[in-house]
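Breakdown of the fold
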Amino acid sequence: MPLITWKDEYSVNNVELDNHHKQLMATLNALYTECLKVDNVDCVRPKLEAFLAYAEYHFTAEEEYMRRIQYFEIDGHIEQHRGFSYKLAEMKRVQYRSDLELTRELITFIGKWLLHHVFEEDRKYALHAATAIKN
Ligand SMILES: [Fe+2]
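Calculation criteria
- Residues numbered from 1 in each chain as written.
- Predicted model: local features only at pLDDT ≥ 70, side-chain atom pairs only at ≥ 80, totals over all residues.
- Heavy atoms only, no water.
- Helix = DSSP H or I, 4+ residues; strand = E, 2+ residues; numbered from the N terminus.
- Rg over C-alpha atoms; globule rule 2.2 N^0.38 Å.
- Buried < 20%, exposed > 50% of the residue type's maximum accessible area, 1.4 Å probe, protein only.
- Contact = heavy atoms within 4.5 Å.
- Areas by Shrake-Rupley, 256 points an atom, 1.4 Å probe, with all protein chains shown as cover.
- Lys, Arg positive; Asp, Glu negative; His and termini not counted.
- Charge placed at Lys NZ, Arg CZ, Asp CG, Glu CD.
- Axes fitted to C-alpha atoms, helices over the stretch in contact; angles between N-to-C directions.
- Parallel < 35°, antiparallel > 145°, perpendicular 65-115°, else oblique.
- Nonpolar A, V, L, I, M, F, W, Y, C, P; charged D, E, K, R; others polar.
- Salt bridge = Lys/Arg side-chain N within 4 Å of Asp/Glu carboxyl O.
- Core = buried A, V, L, I, M, F, W, Y, C linked by side-chain atoms within 4.5 Å.

All right, on to the overall build of the protein chain then. In terms of regular secondary structure, the protein chain is built from four helices and zero strands. In the protein chain, the succession of α and β elements from N to C terminus is α-α-α-α. Taken over the C-alpha trace, the protein chain has a radius of gyration of 16 Å; the compact-globule value for 135 residues is 14 Å, and the two agree within 12%. When the backbone C-alpha atoms are referred to their principal axes, the protein chain occupies close to 55 × 30 × 20 Å. Out of the 135 residues in the protein chain, the part that is buried amounts to 45%. Within the protein chain, contacts between residues separated by at least 24 positions form 72% of all contacts whose residues are at least 6 apart in sequence. Entry remark: accessible area of the protein chain is about 8,000 Å², with carbon and sulfur atoms responsible for 53%. Separation between the mean location of the 17 positive side-chain charges and that of the 22 negative ones in the protein chain comes to 2 Å.

As a further point, take the packing of helix α2 (residues 44-68) against helix α3 (residues 74-93). Relative orientation of the contacting elements α2 and α3 amounts to 170 degrees, with a least axis distance of 11 Å. Regarding the angle of α2 to α3, the classification is roughly antiparallel. Across the interface between the two elements, Arg45, Leu48, Glu49, Phe51, Leu52, Ala55, Glu56, Phe59, Glu62, Glu63, Met66 and Arg67 of α2 pack against Ile74, His77, Ile78, His81, Arg82, Phe84, Ser85, Leu88, Ala89, Met91 and Lys92 of α3. In the contact of α2 with α3, the residues fall into twelve nonpolar, three polar and eight charged.

For the structure on display, the rule yields six salt bridges. Here Glu63 ties to Arg82 by a salt bridge, and the two come within 3.2 Å at their closest N and O atoms. Of the two residues, Glu63 is situated in helix α2 and Arg82 in helix α3; the sequence distance between them amounts to 19 residues. Its relative accessible area of 5% is what places Glu63 among the buried residues. Put simply, Arg97 and Glu101 hold a salt bridge, and the shortest N to O gap is 3.1 Å.

This next bit is on the nonpolar core. Core analysis: the biggest nonpolar cluster contains 26 residues, and Phe84, Leu88, Leu106 and Ile110 have the highest contact counts within it. Residue assignment for this core shows that the elements contributing at least two residues are α1 (15-34), α2, α3 and α4 (99-134). Looking at this core element by element, the count peaks at eight residues for α4. In contact with Leu106, not counting residues within four places along its chain, are Leu31, Val44, Leu48, Leu88, Met91 and Gly111. Formed by twelve residues, the second largest nonpolar core is a distinct cluster that contains Val12, Tyr65, Tyr71 and Ala129.

Purely geometric numbers; function is a separate question.
Listed below in C-alpha coordinates is the structure:
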(Lines give C-alpha, C1' and ligand atoms only; values in the text may rest on other atoms or scores of the structure.)
Protein backbone atom coordinates (compact mmCIF):
# COMPACT_ATOMS: atom_id res chain seq x y z
CA MET A 1 0.00 0.00 0.00
CA PRO A 2 1.39 3.43 -0.93
CA LEU A 3 1.56 6.11 1.73
CA ILE A 4 -0.06 8.84 -0.40
CA THR A 5 -2.35 8.41 -3.37
CA TRP A 6 -2.97 11.16 -5.89
CA LYS A 7 -6.44 12.66 -5.98
CA ASP A 8 -7.83 15.06 -8.59
CA GLU A 9 -8.50 17.62 -5.87
CA TYR A 10 -4.70 17.98 -5.47
CA SER A 11 -4.45 19.42 -8.98
CA VAL A 12 -3.00 22.91 -9.45
CA ASN A 13 -4.58 23.02 -12.93
CA ASN A 14 -1.25 22.72 -14.69
CA VAL A 15 -0.44 19.34 -16.21
CA GLU A 16 3.34 19.71 -15.98
CA LEU A 17 3.32 20.77 -12.32
CA ASP A 18 0.74 18.11 -11.42
CA ASN A 19 3.07 15.51 -12.96
CA HIS A 20 5.95 16.85 -10.89
CA HIS A 21 3.87 16.55 -7.73
CA LYS A 22 2.93 12.98 -8.70
CA GLN A 23 6.60 12.16 -9.18
CA LEU A 24 7.51 13.59 -5.75
CA MET A 25 4.77 11.46 -4.20
CA ALA A 26 6.03 8.39 -6.05
CA THR A 27 9.50 8.84 -4.54
CA LEU A 28 8.02 9.27 -1.09
CA ASN A 29 5.96 6.13 -1.62
CA ALA A 30 9.06 4.22 -2.73
CA LEU A 31 10.84 5.27 0.46
CA TYR A 32 7.90 3.99 2.43
CA THR A 33 7.41 0.68 0.63
CA GLU A 34 11.06 -0.19 -0.06
CA CYS A 35 13.35 1.39 2.51
CA LEU A 36 11.61 0.61 5.80
CA LYS A 37 12.99 -2.93 5.71
CA VAL A 38 16.03 -3.61 7.91
CA ASP A 39 17.76 -5.77 5.31
CA ASN A 40 17.37 -3.30 2.45
CA VAL A 41 20.82 -1.69 2.36
CA ASP A 42 21.70 1.31 0.17
CA CYS A 43 18.04 2.12 -0.25
CA VAL A 44 17.45 5.47 1.39
CA ARG A 45 20.50 7.51 0.33
CA PRO A 46 20.03 7.26 -3.45
CA LYS A 47 16.34 8.08 -2.98
CA LEU A 48 17.19 11.10 -0.86
CA GLU A 49 19.56 12.28 -3.60
CA ALA A 50 16.93 11.70 -6.27
CA PHE A 51 14.25 13.43 -4.25
CA LEU A 52 16.39 16.50 -3.62
CA ALA A 53 17.44 16.78 -7.28
CA TYR A 54 13.87 16.38 -8.52
CA ALA A 55 12.49 18.82 -5.94
CA GLU A 56 15.01 21.46 -7.11
CA TYR A 57 14.02 20.86 -10.74
CA HIS A 58 10.34 21.11 -9.84
CA PHE A 59 10.77 24.27 -7.73
CA THR A 60 12.51 26.02 -10.63
CA ALA A 61 9.61 25.18 -12.96
CA GLU A 62 7.00 26.16 -10.37
CA GLU A 63 8.71 29.46 -9.58
CA GLU A 64 8.87 30.23 -13.31
CA TYR A 65 5.13 29.54 -13.57
CA MET A 66 4.35 31.78 -10.58
CA ARG A 67 6.29 34.61 -12.24
CA ARG A 68 4.35 34.07 -15.45
CA ILE A 69 0.99 34.32 -13.72
CA GLN A 70 2.26 37.26 -11.62
CA TYR A 71 1.49 35.58 -8.34
CA PHE A 72 1.84 38.27 -5.68
CA GLU A 73 2.90 35.96 -2.84
CA ILE A 74 5.77 34.46 -4.84
CA ASP A 75 8.54 35.60 -2.46
CA GLY A 76 7.10 33.82 0.57
CA HIS A 77 6.48 30.74 -1.54
CA ILE A 78 10.06 30.67 -2.80
CA GLU A 79 11.21 30.94 0.83
CA GLN A 80 9.28 27.75 1.61
CA HIS A 81 11.00 25.95 -1.29
CA ARG A 82 14.41 27.11 -0.06
CA GLY A 83 13.60 25.95 3.48
CA PHE A 84 12.65 22.52 2.21
CA SER A 85 15.83 22.08 0.14
CA TYR A 86 17.92 23.33 3.06
CA LYS A 87 16.36 20.83 5.45
CA LEU A 88 16.90 17.92 3.02
CA ALA A 89 20.52 18.96 2.42
CA GLU A 90 20.98 19.02 6.18
CA MET A 91 19.47 15.54 6.55
CA LYS A 92 21.98 14.36 3.96
CA ARG A 93 24.84 15.60 6.13
CA VAL A 94 23.64 14.51 9.58
CA GLN A 95 24.95 11.20 10.90
CA TYR A 96 21.94 9.05 11.77
CA ARG A 97 22.31 5.93 13.88
CA SER A 98 21.08 3.84 10.98
CA ASP A 99 19.62 4.12 7.48
CA LEU A 100 16.34 3.04 8.98
CA GLU A 101 16.31 6.02 11.30
CA LEU A 102 17.06 8.36 8.39
CA THR A 103 14.26 6.72 6.40
CA ARG A 104 11.75 7.29 9.20
CA GLU A 105 12.81 10.92 9.64
CA LEU A 106 12.59 11.54 5.91
CA ILE A 107 9.17 9.97 5.52
CA THR A 108 7.80 12.04 8.38
CA PHE A 109 9.35 15.30 7.18
CA ILE A 110 8.61 14.90 3.46
CA GLY A 111 5.14 13.47 4.09
CA LYS A 112 4.05 16.39 6.26
CA TRP A 113 5.69 18.95 4.00
CA LEU A 114 4.18 17.60 0.78
CA LEU A 115 0.69 17.39 2.21
CA HIS A 116 0.80 20.91 3.55
CA HIS A 117 2.76 22.53 0.73
CA VAL A 118 1.23 20.96 -2.36
CA PHE A 119 -2.30 20.81 -1.11
CA GLU A 120 -2.47 24.16 0.68
CA GLU A 121 0.29 26.51 -0.45
CA ASP A 122 0.42 25.50 -4.13
CA ARG A 123 -3.35 25.69 -4.18
CA LYS A 124 -3.12 29.43 -3.57
CA TYR A 125 -1.25 30.11 -6.82
CA ALA A 126 -3.63 27.79 -8.66
CA LEU A 127 -6.53 29.87 -7.35
CA HIS A 128 -4.72 33.07 -8.31
CA ALA A 129 -4.19 31.74 -11.87
CA ALA A 130 -7.87 30.77 -12.15
CA THR A 131 -9.00 34.22 -10.99
CA ALA A 132 -6.48 36.05 -13.19
CA ILE A 133 -7.68 34.18 -16.27
CA LYS A 134 -11.31 35.05 -15.53
CA ASN A 135 -10.65 38.79 -15.12
FE1 LIG B 1 5.46 25.07 -4.28
